[in-house]
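Chain and residue survey
The primary structure of each chain is shown beneath.
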Amino acid sequence: MNYKFIICNWKMNCDQEYFNQINSILSNYTIKKEYKLIICPPLTLLNQENIINFEIGAQNCASEEFGSYTGEVSARMISQSNARYVIIGHSERRKYFNEKPELILKKMDQVMDNNLTPIVCVKRFYEDKEYIKNLIFNFISNVKTKNLLIAYEPEESIGSGIPDNLYSIQENIESIKDIYRNHNLNDKNIFVIYGGSVDKNNIKEIISISDGVLIGKASINLEQFIQIIKII
Ligand code: PGA
């Protein structure tokens with residue numbers, strides 16, 4: 001099925017109260033079958049009961065399976081919560097926590113080995129070409145995971161209110177897709193989504209040229225969120 005993914009990245013924002021509010025709002029809508037709505041709240045909110053019309057994702061995980069890594073949470077631990085997706089390598093992790101592609105690929109292995117779906121963030125194609133190739137081949141060679149989401153997110157568009165232009169979004173997405181198009185993926189799927197200042201006004205157009213969106217700010221603004229839900 002050709003899904004369109006709507007991923008909400010709450011970053012270090014919101015609380016249980018906002019979660020409950022969102023959950024009760026969503027119970028009043030029917031999300032179209034082709035859309036998959038995924039909410040990625042902070043780690044403390046991953047274990048939720050009776051969620052309606054959406055799934056849960058984490059925003060990060062450790063690169064190791066277990067051990068003396070104070071403050072870290074492993075993909076295995078996340079797999080024991082309600083989360084089924086994990087965002088890895090977000091550009092804020094690369095910028096503020098100095099995460100390098102090698103480390104992100106290790107995290108990706110952890111995510112896939114624990115039957116979770118990775119949502120791997122990448123920058124512009126020309127900046128991240130080798131890394132994008134590596135992560136696609138890493139996915140293709142993993143026997144457990146069926147789906148990979150790659151979020152194309154140009155750094156300057158994140159949180160700035162200025163999304164990338166449609167032509168550039170399309171160009172970057174096509175370049176990513178060109179890497180795996182000639183590989184026989186059998187029952188594997190790669191979805192390429194866009195993130196960076198997506199909001200209620202531009203989401204329709206962006207979804208029409210991508211496999212979905214990763215939304216930060218607009219997903220934690222109730223008015224924007226409701227408008228987005230009405231669209232999907
Ligand atoms: P933004 O964030 O929608 O606030 O630009 C997107 C992201 O960080 O993934």
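This section reports on the structure supplied with the text. Just so it is clear, the structure is predicted and the values come from calculations on it, not from any experiment.

What follows is about the site of the ligand. Taken together, 13 residues surround the ligand, and among them K11, H90, E153, G159 and S197 come closest. K11 places a side-chain nitrogen or oxygen 2.6 Å from an oxygen atom of the ligand. S197 places a main-chain nitrogen or oxygen 2.8 Å from an oxygen atom of the ligand. Bound to the protein, the ligand loses 98% of the 280 Å² it would expose on its own. For the ligand, the cavity whose grid points lie within 2 Å of the majority of its atoms is the second largest pocket. By residue class, the composition of the shell around the ligand is 3 nonpolar, 7 polar and 3 charged.

On to helix 6 (residues 166-181), then. With 16 residues, helix 6 extends 22 Å from end C-alpha to end C-alpha; this agrees with the ideal 22 Å at 1.5 Å per step. Those residues of helix 6 that sit buried are S168, I169, N172, I173, I176, K177, I179 and Y180. The buried residues of helix 6 occupy an angular sector of 165° when projected down its axis, which confines them to one face. Lining the buried residues of helix 6 we find strand 5 (117-122), helix 5 (125-141), strand 6 (147-152), strand 7 (189-195) and helix 7 (203-208). The N-cap residue of helix 6 is N165: its side-chain oxygen and the backbone nitrogen of Y167 are 3.1 Å apart.

The next thing to look at is the sheet that holds strand 7. Ordered by their spatial adjacency, 8 strands build a closed barrel running 1-2-3-4-5-6-7-8, and the pairing between neighbours is parallel. Within the sheet, the average angular offset between the axes of one strand and its neighbour, ignoring direction, is 25°.

This part is about the packing of aromatic side chains. This model, assessed by the stated rule, comprises 7 aromatic pairs. Here the aromatic rings of F5 and Y85 are separated by 6.4 Å at their centres, their planes lie at 65°, and the arrangement is edge-to-face. Residue F5 is found in strand 1 (residues 4-9), and its partner Y85 is found in strand 4 (residues 83-88); the two are separated by 80 residues along the sequence. By relative accessible area, F5 is classed as buried at 1%. Ring plane angle 55° and centroid distance 5.8 Å describe the contact between F19 and F54, whose orientation is recorded as tilted. One end of the pair, F19, is in helix 1 (residues 16-26); the other, F54, is in the loop between strand 2 (35-40) and strand 3 (55-58), and 35 residues separate them in sequence. Note on accessibility: F19 and F54 belong to one class, buried.

Turning our attention to the pairing of strand 1. The element strand 1 is extensively covered by neighbouring structure, given that 5 of its 6 residues are classed as buried. With 6 bridges connecting them, strand 1 and strand 2 associate as parallel partners. Bridge pairing in strand 2 links K4 to Y35. Between strand 1 and its parallel partner strand 2, the chain crosses via helix 1, and the hand of that crossover is right-handed.

Definitions and limits used
- Residues numbered from 1 in each chain as written.
- Predicted model: local features only at pLDDT ≥ 70, side-chain atom pairs only at ≥ 80, totals over all residues.
- Heavy atoms only, no water.
- Near = heavy atom within 4 Å.
- Polar contact = N/O pair within 3.5 Å; in protein donor to acceptor, adjacent residues only side chain to side chain.
- Areas by Shrake-Rupley, 256 points an atom, 1.4 Å probe, with all protein chains shown as cover.
- 1 Å grid on protein atoms, 1.4 Å probe; cavity = no way out; pocket = protein on both sides within 12 Å on 5 of 7 lines; lining within 4 Å.
- Sits in = over half its atoms within 2 Å of the grid points.
- Nonpolar A, V, L, I, M, F, W, Y, C, P; charged D, E, K, R; others polar.
- Helix = DSSP H or I, 4+ residues; strand = E, 2+ residues; numbered from the N terminus.
- Expected span 1.5 Å × (residues − 1).
- Buried < 20%, exposed > 50% of the residue type's maximum accessible area, 1.4 Å probe, protein only.
- Arc of directions from axis to C-beta.
- Contact = heavy atoms within 4.5 Å.
- Pairing = 2+ DSSP bridges.
- Axes fitted to C-alpha atoms, helices over the stretch in contact; angles between N-to-C directions.
- Phe/Tyr/Trp six-rings, centres within 6.5 Å; stacked < 30°, edge-to-face > 60°.
- Right-handed = clockwise from strand over helix to strand, strands pointing away.

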